[in-house]
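# Observations on chain architecture
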Amino acid sequence: MPGCSTGEEAYTIGILFSEALRKADDRRELQIFGTDIDLNSLRHARAAMYSDAALEGMPDALIERYFTAQEGYHQVGHRLRERVAFAPHNLLRDPPFSRIDLISCRNLLIYLNADGQNSVMPRFHYALRNSGFLFLGPSESADGRGTYFSAVSREHRIYRRNDSASVGFSALTGRRPPQSVMPQRHIDTTEPMSFGHPPKSLDYESRIDQMFLERHAPPFFVVNASDEVSYLSGTLGPYVRPAKGALSARVEDLLLPELRSVVRPLVAQVRDEGGPKTEIAVITVDERSQWLRVTVDRLPFSDGDAMIVLQQVERVSEAQPAQTQSRTDPMRAAEEELSSLRRRLHSAEAGHAASEQELRSANEELLSMNEELQSSNEELETSREELQSINEELETINAELSENNAQLNEANSDLKNVLDSTDIPKLILAQGLIVRRFTRSARDLLHIDDRDVGRKVTDLKWRIDYPELADDVRQVEETLQVVDREITNSATDEYYQVRVRPYRSIDDRLDGCIITFFDVTRRKRAELELRESRERLAAALEAGELGVHVYYPETGTLIWDDRMREIWNVAEDREIDYDLFVDRIHPEDRGTTQKAVDAAFDPDGDGKYVAEYRVLQPDGPPKWVRADGSVRRQEGAPDRLVGTVRDVTERHEAEQRMQEYAARLELTYEVTGIGAWEWHMEGDVSEWTPNMFDILGAQRDAKPSLAMFSEFILDDDRDRVMGELEAAVESGELFDTQFQIRRGDGEERVLMAKGRAIYDRSGKPVSMVGINYDVTEDVEKEARRDLLTNELNHRVKNSLATIQSIASQTIRHAPDMATFKKSFLGRVRAISRAHDLLINGETTEVTVADMVATQVEPYASRADDKVETRGPRILLGPSVAHALGLVLHELATNASKYGALSSDAGRVEIKWEAMTRENTPAVRIVWREIGGPPVHPPETTGFGSVLMEETLSHSIGGHTEIDYNPDGIVAIIECVLRAGEE
């Protein structure tokens, strides 16, 4: 990273690469080089101390991993500092680094002029490895700087090294750039930075010295050997006036014009003569004249650097005694100013003389070097002429040799290309079975190479079995006839046809033989595969009981194999033709079969033939067959139909049975109202019978799925049902459950579901089949049966308690046994009549007054003044009368056992009136007990209260409200006059 400044960018890239290596578990070493020409910045970078504000925006995890907190600062960790090295390096003067993977030069090129940027790019190209990367700033670009780099991302300024471009820089011949490319900067040699606060080791005196320098020291600045300002104090502002144009650090461009003419000669005197030099200068600041004492002294610890101190003084006339001041006049000031100007002029002349002498000496040296270079150039020119003469002679000789070699090479090339142009292995033998030449393809086949030329071929170990080689060569040499033979390479299972021909020289003389090896492996394997294919086809036809037929439409010829004759029940000796084929097809199938044949021979069709038809049998029912085939074409025109036929009678019979079974099953579902379904687990796709849609009240055009089905299940049952379904799929047991749904029309029903999972061969569940049916009525019947059973038990208990209470009250008030018997039997008969009224109430209408009288009379009559009833004549339907009778019976029973009817002073008021309930005619009954025992609210709800609420709310949509007043129970009953279809 050139121009790394104080190291923030270098450590940032180090953190990014360290994170990437850590996440990838990459243990390769990482080394980062940061360079700059400012030693102060490099010291700061090596210290790696940064304020909290500098780390603002960095994730806390990275700060904790790569930094250590130290009193308001953070220092980079030891491991990361080892990976980042900092060194002084001038990008334009010093030799570049080498073998670098990535150069990050961001926001540095913008400070260089065009020549400087052009000189940097070859250095970057030299420093990078092959395919290395260059990373520039957002305002910089490598485009237009030669072909050293190709863009990877122009948006992010990332470039890749162009390895094909020639190297534009050499460390041996590289020269330093001119001074104008980049100004020389001062290399500070002050003590290391203190990061914003004084070191703790400073003593009291040092603190005083530091305070004096900061607050009371006169303005000063330092210039380097190039007369550039490298350091200035904070109080120098009034004496600085930069020159117009590009910003420069030279003294002539920064100071006031009055100071420039004084400082430059004094600096030159100090460098030539040594020692401090002082001179008075007059300047104008804010239209007022000021006198400055300009003191110049060299820095003993830095060669070529000088410090200039500007100290404001009073005018000489003001510093003299009063008697002397009176004698000053403008002439004296003019003389002093003239004297000052003379000294400056003298200094300037001396400086110009020195510069002129230096330039004259440099010019003489350049002239001397030029003469030496001219002399060397003349010697090189003489040597070049001699070498050129020798080169011309060598070229003449080389031309002759080249011509001879060209002819020989042309002949050899022709022979080599002839041998190599063919991939057929060839072996040329001289007399006596001596290897003379072979083609390139024969090298691997025969396991032969150039070292075997000149050897006897029978001494070589071939990779193929050819023991007849010597006999075949001898036969060719004797008869001059070609010999053909097939051999086998047992190692590779390859087949070759060997052809041995006589080799004749140009003068038609026998000089050996040529052996050619033709690879016939594909042909031999094709023959074997064809034989095996025929055998497999015959076995497949036999196993599949397939018959093969070939039909030629032009001639009407039809060829059948034995299986075809067997299916058609045709004798072996009978001639087969197309008419026989058509006559044996069932009359109902002939038309469709003929259409299938015509479509197969249609020139515009695909040539496929598929048909199913029945074949008439002379001695039994017809057989169903399936025919498959395709048309073969000859020169683009249909030529013949080749196909197979198989007996599918059993399949058709099975399909017929399946259709009958499906029809019966569908009829069963339709009659019983059962909905069947199949759930395919992959993709959550289901298939429902129409009854399933009707059971759920769903639209028939909806796409069924398990998710859709679960939406109908009530929330209280959904999780349980889904859990039981998953358990059934995992265990393979029967899925059997009952749950409530809310149909599409809002009605709540109870369903029963049964199903079983289906698994593939690997044991993975793939689907489930099952049924659903509505059991709402069964559940309601079961609930009513349980309710009636409990009611019966409760009524028996209440009846016995009632009879006991009636007997107790009757015997308590009866004067004798005869009276007791009469009253007791009368009340028992009243209870019987109440039961009879309830039973008859299922088929006839009753009034509220009759129902009240019937239920209350067994416990207390109006003649006893214990019961007061009042209300209009209101008719009740059977269901409402039955339910209301149960409620009144419960109230009367409780009153006789615990309430007002259980004491002599107690009585009951019963009033009713007509009303409407949700726009439906209804009745409101108020039961009020007076004068009975004190009433205490029950701690738990008894069966009687549950029975009254269940009877009214669930059966007829009524409501009961009981107030446990200490003076007596008040019960308010509201219900419709008729329920349901009544």
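Values in this document were obtained by computation on a predicted structure and should not be read as measured data. (Residues numbered from 1 in each chain as written. Predicted model: local features only at pLDDT ≥ 70, side-chain atom pairs only at ≥ 80, totals over all residues. Heavy atoms only, no water.)

## Remarks on the nonpolar core
By size, the foremost hydrophobic cluster in this structure holds 31 residues, and its most contacted members are Val-848, Leu-876, Ile-910, Trp-912, Val-923, Ile-925 and Trp-927. For this core, the secondary structure elements donating two or more residues are α24 (848–856), α25 (878–897), β33 (907–916), β34 (921–930) and β36 (968–976). Per element, the largest residue contribution to this core is 8 residues, and it comes from α25. Excluding its chain neighbours within four sequence positions, the residues that come into contact with Trp-912 are Val-848, Ala-849, Val-852, Thr-869, Arg-870, Gly-871, Pro-872, Ile-874, Val-923, Arg-924 and Ile-925. (Core = buried A, V, L, I, M, F, W, Y, C linked by side-chain atoms within 4.5 Å. Buried < 20%, exposed > 50% of the residue type's maximum accessible area, 1.4 Å probe, protein only. Helix = DSSP H or I, 4+ residues; strand = E, 2+ residues; numbered from the N terminus. Contact = heavy atoms within 4.5 Å.)

## A closer look at the pairing of strand β4 (residues 73–76)
Judged by which residues are buried, β4 turns out to be covered on both faces: Tyr-73 and Gln-75 on one side and His-74 and Val-76 on the other are all buried. Across 3 bridges, strand β2 (residues 49–51) lies against β4 in antiparallel orientation. Residue pairing for β4: Ser-51 is matched across the bridge by Tyr-73. With 4 bridges joining them, strand β3 (residues 67–70) and β4 adopt antiparallel strand pairing. Looking at the pairing, Phe-67 lines up with Val-76 of β4. Where β3 folds back onto β4 in an antiparallel hairpin, the turn is made up of 2 residues, including Glu-71, whose phi is positive at roughly 50°. (Pairing = 2+ DSSP bridges.)

## Section: the layout of surface pockets
Volume-wise, the second largest pocket comes out at about 770 Å³. Here the lining of the second largest pocket takes 5 residues from strand β6 (residues 100–105), the largest share from any one element. (1 Å grid on protein atoms, 1.4 Å probe; cavity = no way out; pocket = protein on both sides within 12 Å on 5 of 7 lines; lining within 4 Å. Points joined across faces, edges and corners; volume = space filled by probe spheres on them.)

## A closer look at the pairing of β36
In terms of residue burial, β36 counts as a mostly covered element, since 9 of its 9 residues are buried. Residues Gly-968, Val-970, Ile-972, Glu-974 and Val-976 of β36 are buried on one face, and the alternating residues Ile-969, Ala-971, Ile-973 and Cys-975, pointing to the opposite face, are buried as well. The pairing of β34 with β36 spans 7 bridges and is classified as antiparallel. Looking at the pairing, Arg-924 lines up with Glu-974 of β36.

## A short note on the confidence of the model for the protein
Of the residues in the protein, 85% have a pLDDT of 70 or more, and the chain-wide mean is 80. Below pLDDT 50 for its whole length, residues 172–202 participates in 51 contacts with residues either more than four positions away or in separate chains. (pLDDT = per-residue confidence, 0-100.)

## Things to note about the packing of aromatic side chains
For any two aromatic rings, the description comes down to two numbers: the centre-to-centre distance and the angle of the planes. Inspection of the entire model under this criterion finds 14 aromatic pairs. Ring pairing ties together the aromatic residues Tyr-551, Trp-560, Trp-568, Tyr-578, Phe-581, Phe-601 and Tyr-613, which thus form one cluster. We note Arg-106 situated over the ring of Phe-135; from NZ or CZ to the ring centre the distance is 4.6 Å. Above the plane of the ring of Tyr-495 lies Lys-524, whose end atom (NZ or CZ) is 5.7 Å from the centre. (Phe/Tyr/Trp six-rings, centres within 6.5 Å; stacked < 30°, edge-to-face > 60°. Lys NZ or Arg CZ within 6 Å of the ring centre and 35° of its normal.)

## Some words on unusual backbone geometry
Trans is the common state for peptide bonds, and a negative phi is the common state for residues other than glycine. Within the chain, Ser-131 stands out as a residue other than glycine whose phi angle is a positive 65°. Position of Ser-131 among the secondary structure elements: in strand β7 (residues 128–136). With a phi angle near 55°, Leu-480 is a residue other than glycine that sits in the positive phi range. Turning to its location among the elements, Leu-480 is positioned in the loop between α13 (469–479) and β17 (483–489). Under the relative-accessibility criterion, Leu-480 is labelled partly exposed at 36%.

## Things to note about a negative patch on the surface
A contiguous patch of negative charge on the surface is contributed by Glu-575, Asp-577, Asp-579 and Asp-583. Within the secondary structure, Asp-579 is located in helix α16 (residues 578–584). (Patch = residues over 30% accessible without salt bridge, like charges linked within 9 Å, V, L, I, M, F, W, Y side chains within 5 Å. Areas by Shrake-Rupley, 256 points an atom, 1.4 Å probe, with all protein chains shown as cover. Salt bridge = Lys/Arg side-chain N within 4 Å of Asp/Glu carboxyl O. Lys, Arg positive; Asp, Glu negative; His and termini not counted. Charge placed at Lys NZ, Arg CZ, Asp CG, Glu CD.)

## Things to note about the sheet that holds β4
Taken in spatial order, the 3 strands of this open sheet run β2-β4-β3, and their pairing is antiparallel. The open sheet has two edge strands with one neighbour each: β2 and β3. Taking the axes of each pair of neighbouring strands and ignoring which way they run, one obtains an average angle of 35° across the sheet. (Axes fitted to C-alpha atoms, helices over the stretch in contact; angles between N-to-C directions.)

## As for empty space enclosed by the protein
Over the atoms, a rolled probe matching the size of one water molecule traces out where space is still vacant. Enumeration over the complete set of coordinates arrives at 5 cavities of 30 Å³ or more. By volume, the largest cavity is sized at about 180 Å³. Lining of the largest cavity is provided by 15 residues; of these, Trp-677, Leu-706, Phe-709, Leu-725 and Asn-772 occupy positions nearest its centre. Here the lining of the largest cavity takes 3 residues from helix α21 (residues 715–731), the largest share from any one element. Along the lines of polarity and charge, the residues of the lining of the largest cavity split into 12 nonpolar, 3 polar and no charged. Computed from the structure, the second largest cavity encloses a volume of approximately 110 Å³. Lining the second largest cavity are 14 residues; nearest its centre among them are His-549, Leu-558, Phe-581, Tyr-609 and Leu-641. Partitioning the lining of the second largest cavity into residue classes produces 13 nonpolar, 1 polar and no charged. (Nonpolar A, V, L, I, M, F, W, Y, C, P; charged D, E, K, R; others polar.)

## Quick notes on a nonpolar patch on the surface
A cluster of nonpolar side chains, namely Leu-16, Phe-17 and Leu-102, defines an oily patch on the protein surface of about 270 Å² accessible area. Tracing the sequence through the fold places Phe-17 in helix α1 (residues 8–23). The partly exposed category is assigned to Phe-17, whose relative accessible area is 37%.

## Quick look at the sheet that holds strand β10 (residues 220–223)
Across the sheet, which stays open at both edges, the 5 strands sit in the order β11-β10-β14-β13-β12 with antiparallel pairing between neighbours. If you trace the sheet from one side to the other, it starts and ends with β11 (229–232) and β12 (277–285), each paired once. This sheet shows a mean twist of 25° between the axes of neighbouring strands, independent of strand direction.

## Some thoughts on helix α17 (residues 587–600)
Under the 1.5 Å per step criterion, the end-to-end length of α17 is 21 Å for 14 residues, consistent within 8% with the ideal 20 Å. For α17, every residue scored as buried is listed here: Asp-589, Thr-593, Ala-596, Val-597 and Ala-600. Along α17, the residues classed as buried sweep out an arc of 95° about the axis, all on the same side. Facing away from the buried side of α17, by more than 90 degrees, are the exposed residues Pro-587 and Lys-595. (Expected span 1.5 Å × (residues − 1). Arc of directions from axis to C-beta.)

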